[in-house]
Amino acid sequence: ARTELTLADACAQWPDATLVISNPPHGGRVKANAVSLHEQFFAHVASRLPAGGRLVWIRHANATLASSRLVRGAHFNMSLAGQAMVLERWDAS
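Each value, and the rule that gives it
- Residues numbered from 1 in each chain as written.
- Predicted model: local features only at pLDDT ≥ 70, side-chain atom pairs only at ≥ 80, totals over all residues.
- Heavy atoms only, no water.
- Salt bridge = Lys/Arg side-chain N within 4 Å of Asp/Glu carboxyl O.
- Buried < 20%, exposed > 50% of the residue type's maximum accessible area, 1.4 Å probe, protein only.
- Pairing = 2+ DSSP bridges.
- Helix = DSSP H or I, 4+ residues; strand = E, 2+ residues; numbered from the N terminus.
- Axes fitted to C-alpha atoms, helices over the stretch in contact; angles between N-to-C directions.
- Contact = heavy atoms within 4.5 Å.

> Go over the pattern of salt bridges with me, naming the residues and quoting the values.
Counted according to the given criterion, the structure contains 4 salt bridges. Among the ionic pairs, Asp91 bridges to Arg89, the shortest N-O distance being 3.1 Å. Its relative accessible area of 27% is what places Arg89 among the partly exposed residues. Three or more residues joined by partner-sharing salt bridges are found here, namely Arg54, Arg89 and Asp91.

> I'd like a description of the sheet that holds strand S2 (residues 54-60), backed by residues and values.
On the basis of which strands lie adjacent, the open sheet formed by 4 strands has the order S1-S2-S4-S3 and mixed pairing. The open sheet has two free edges, formed respectively by strand S1 (19-22) and strand S3 (70-80), since each of these has just one partner strand. Shown here is a sheet whose adjacent strand axes are inclined to one another by a mean of 20 degrees, direction ignored. Helix H1 (residues 34-48) contacts S1, S2, S3 and strand S4 (83-92) of the sheet and is inclined by roughly 170 degrees relative to S2.

Put into structure tokens, the structure is as follows:
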């Protein structure tokens with residue numbers, strides 16, 4: 001199997017990726033609405049990830065996610081700097 005690790009802005013470019021691991025910005029460092037940012041990122045990945053692909057990330061718990069292609073697997077509620085977050089895995093069908 002061939003593996004290549006790439007550091008990239010998934011919303012600006014899309015490598016030939018089957019696994020996306022992300023900890024999007026959230027909290028005081030974010031100059032935009034973090035919940036909206038997480039929702040937009042999820043929609044973008046859901047539209048690009050090939051069948052059999054996987055997204056593993058930490059997201060803001062208030063983000064509303066919807067996808068007909070991704071199915072949520074393991075997930076764990078957590079707190080980062082007092083904010084409700086979710087560590088989760090999504091699989092593309």
